[in-house]
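Below are the chains, spelled out letter by letter.
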Amino acid sequence: MALKKEKDKSKIPVVKRSLASWILEGNVKLQILLLTIIPLTVAIRVVPLEMQKRIVNEAINLRKLDLLGIYCGIYLAAVVSASIFKLIINIIQTKISQKVTAQMRKQLYHHILTMPLNFFRNTQPGTVVNSLINELTIPGNFVGMAVAVPLTNIVTLLAFAGYLIVLNPILGIVSFSIYPVMLYVIPLLQKFVNRDNKKRVNTSRKLSSRIVESVSGIHEVQANGAFEIENNKYDNIVDSLMKIRIKWSIYKFSIKVVSNFFINMGPFLIFIIGGYLAIKGQLGLGTLVAFLSAQEKLYDPWKELIEFYQVYQDGSVNYYKTMNYFDVEIENELTSKDREPYELDVSINVENMSLETKEGVKLLDDVSLKIAPGEHIALVGFSGSGKSSLALCLAQLYKYTSGHATIDNVEISDLTKADITKNVGLVSQSPFIFDGTIKENLMYSYTALHGETCSLNGECKPELDGLVHVLQQSGLFVDVLRFGLNTIVDNTAEEFIPVIIKMRENFQKEFGDTVGEWVEFFDEKQFFSYANIADNIIFGASVAEEFKNHKLVKSAFFLEFIDDADLTRPLLALGKEIADQTVDILKNVSHDKMFFEQSPIKLEEFEKYETIVTQIKNKNLHQINKQQKTDLLELALRFSPGKHRIAILPEFMINLILEGRYMFRERIMQKDPHAVAFFRNDQYIHSQTIFNNILFGIVKTTNPGAREKINQFMVALLIGEDFLEKMIEIGMNFEVGTKGNNLSGGQQQKLAISRIFLKSPPIMILDEATSALDNISQKRIQNVLSRHWKGKSTLIAVVHRLDIVKEYDKVAFLKAGKIVEMGTYDELMDRKGYFYGLVNEQK
């Protein structure tokens, strides 16, 4: 919709527009306001000059205090008024500049999204980013200055010139005699600035592209140890940019130096000629003061004009370089002006279609193909055979160079993007997942088809059942359910909490006996073997940072508590025993993480504790230093009897810990009642996930089968409590991260498949859409396509696993851009040709 509005707004493509065309667009009222304020501002700026002359010639010479007060008051009022008007002009100028810069960015971005894919294959993302963010800033600044700066300063110069000539024609003409020379020299230097600015823009683009390419391919760089290669490429561009920027800056500074030199020559000429005239009695002292003051005030408008000229030159270079770079012909119109998008009868006919690159390489060569409505066809062949190229031509992403391809007898190349959106859905091999939630990505194609207003809040908004259905079809349902269960519910979702607490109670009633061998349910009277000692003492989720496990040994409150609970010495003794045993057993064993699973000592800590064991050997606990005690105490608090078999926890210590649990709760409630969320059957723990709140215990096994059983019981509970769909809804709010990096490759493909299922287009094109999935998942999705979509949608699928093509109505085998075989699976197997050979090769 935004694209359509921009297109209606201006028939001229943004890349064809001149820089001057932006000056009035949407800013006419503001520019008129400037034209009103500027003359008034200039008039006020001349007043102080007249007041200076009168103060000297009349007030001071005639010794009249009343005139001195009046003239100084007028002078001050003029200065204050001029400053206020200048501030207003700057505010208006800034508003115009920012509005225009935003419009430039929006319109260019909208144009870029419609450009052919071939452009992006040869363009680095860094170039696009740099152009949109950096290179349009100076042109936008110029547009904001285009009326205010030249008009204000030229009128100011003319007003000052007229005033000075009236005061003394000879001195007035001499004062302005230097400016014609400046108007010749400065543009001459500016040519060199423009030349190097163009080089700077081009080299900056190369640098942005270099950075994006290195970061995008960082896995290859690190895997191959290609640091020197990449460093050299980057350093060479940086060195080149450095030299260009030095030259560019020197020329810019030269303009400032020349400008300052000529401006400073003004007072020199005034002193020489004006001083002579004053000595001869031909010029009043007040007039001379006015001339000197005017020369000082002329510096600011002249300086602003020079800066405006440089901004104009730099802005022009940046603007036209940027627009020319993106001035690429759009292959297909977005929408039709005189009709709604077609609802096509989805019969596809391809006749003698070819696709050839600019270099003359034929990706497709004389391809012919007919697909009936609702028919499913698989495109197979060796790598580079043209399968994906054919699929992308039918999706209008590649423009075929000869031949014909039609949908419902309408040439694909003649269809608008809106027609394709209405009738075709595509899933690529590496689908792009946008930053946001699963639901936002799931709704992406559907929203693009129906519009944001209708899809999100209107009559087109899909029901939750529909979203759940497509998640089940793609196999993403279980993942989304897991995301929901692993969600930490904040305080804004209070309505869920009573339901979850009830499910906690029902889970233990219904499944407690069954899962009891795998789970230790929370009970404040019991010691938990699979929780560490710190968790057993606190028996809750720490909210305050001071009571996080890794901070306990530094907490004065906690250290005082374990002293009072008679736990300090037993914990130190336990820490010493763990350290002794671990070092004794593992000191002569190769250091592998596997060997440290039975001890709370981590692999990277072994050397530290080995040193401690040596230092405290034959020492009693009261003889070891403070740091050693801290390290041993930390080790004991991390000890979990059920996981770490390196030591045995004596019964008396278990009793001390259970007694200490109550003492700790009493003390913490007095100090800070919100520091710890204690585990109680009737309370929700906000710092824990929904799964942990329902389970309300510790899973004491790593057996995948046992964990799967627990998950199945959890799902059964959710169904019984009529909370399953709500949990899916919560899971769909899971943030997928940049480029979907919080999802696996398989999950990304399932999400893309769910996306096209929700859109439900008449034509589906799958370009190796299941390549990242395991065999079972691939077969499952193929079954869904065969059972639910055959006859409903025409399907064109690029397939790499040949054992799943049996369900397709046709199989087309491509080789070197040609279809060399086509028929049903059985027909091609009986023919014993290329397809038969590839099937046997895969087996």
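Residues numbered from 1 in each chain as written. Predicted model: local features only at pLDDT ≥ 70, side-chain atom pairs only at ≥ 80, totals over all residues. Heavy atoms only, no water.

**Q** Got a minute to help me understand the layout of surface pockets in this structure?
**A** Rolled over the atoms, a probe sized like a water molecule indicates the empty space that remains. In this structure, the second largest pocket encloses a volume near 1000 Å³. What lines the second largest pocket is a set of 48 residues, and nearest its centre among them are Tyr-530, Ala-531, Asp-535, Lys-643 and Ile-698. Elements with a minimum of two residues in the lining of the second largest pocket: α21 (533-538), β8 (540-542), α27 (690-695) and β10 (697-699). Its residues assigned to classes, the lining of the second largest pocket shows 18 nonpolar, 17 polar and 13 charged. (1 Å grid on protein atoms, 1.4 Å probe; cavity = no way out; pocket = protein on both sides within 12 Å on 5 of 7 lines; lining within 4 Å. Points joined across faces, edges and corners; volume = space filled by probe spheres on them. Helix = DSSP H or I, 4+ residues; strand = E, 2+ residues; numbered from the N terminus. Nonpolar A, V, L, I, M, F, W, Y, C, P; charged D, E, K, R; others polar.)

**Q** Explain the side chain of Ser-640 here, please?
**A** Along the polypeptide, Ser-640 turns up in the loop between α25 (626-637) and α26 (651-671). In terms of polar contacts, Ser-640 uses its side chain to reach the backbone carbonyl oxygen of Ser-529, at 3.1 Å. Excluding residues within four positions of it along the chain, Ser-640 makes contact with Ser-529, Tyr-530, Ala-531 and Asn-532. (Polar contact = N/O pair within 3.5 Å; in protein donor to acceptor, adjacent residues only side chain to side chain. Contact = heavy atoms within 4.5 Å.)

**Q** Would you mind going over the packing of aromatic side chains with me for this structure?
**A** We describe a pair of aromatic rings using the distance from one ring centre to the other and the angle between the two ring planes. Going through the model one piece at a time under the given rule, you end up with 31 aromatic pairs. Seen from their ring centres, Phe-522 and Phe-539 are 5.9 Å apart, and the 80 degrees between their planes marks the pair as edge-to-face. With a gap of 17 residues between them, Phe-522 in the loop between β7 (519-521) and α21 and Phe-539 in the loop between α21 and β8 connect regions that are remote in the sequence. Looking at Phe-522, the relative accessible area reads 14%, which means it is buried. The rings of Phe-522, Phe-528, Phe-539, Phe-679 and Phe-696 are connected pair by pair, giving a single aromatic cluster. For the cation-ring pair, Arg-200 lies above Trp-248, with the distance from its terminal atom to the ring centre recorded as 4.6 Å. (Phe/Tyr/Trp six-rings, centres within 6.5 Å; stacked < 30°, edge-to-face > 60°. Buried < 20%, exposed > 50% of the residue type's maximum accessible area, 1.4 Å probe, protein only. Lys NZ or Arg CZ within 6 Å of the ring centre and 35° of its normal.)

**Q** Would you explain α26 in this entry?
**A** The periodicity of an α-helix, 3.6 residues per turn, causes residues three or four positions apart to be oriented the same way. Its 21 residues place the ends of α26 30 Å apart at the C-alpha level, agreeing with the 30 Å of an ideal helix rising 1.5 Å per residue. Where α26 is buried, its residues meet α21, α22 (556-564), α23 (568-586) and β9 (676-678). (Expected span 1.5 Å × (residues − 1).)

**Q** How should I be thinking about the pairing of strand β12 (residues 794-798) in this particular structure?
**A** On a regular strand, one side chain projects to one face of the sheet and the next to the other, so that they alternate. Most of β12 is tucked away: 5 of the 5 residues are buried. Burial along β12 is two-sided: the face carrying Thr-794, Ile-796 and Val-798 and the face carrying Leu-795 and Ala-797 are both buried. Here 4 bridges tie strand β3 (residues 376-381) to β12, and the two strands are oriented parallel to one another. When the bridges of β12 are listed, Leu-379 appears paired with Val-798. With 5 bridges connecting them, strand β11 (residues 763-767) and β12 associate as parallel partners. (Pairing = 2+ DSSP bridges.)

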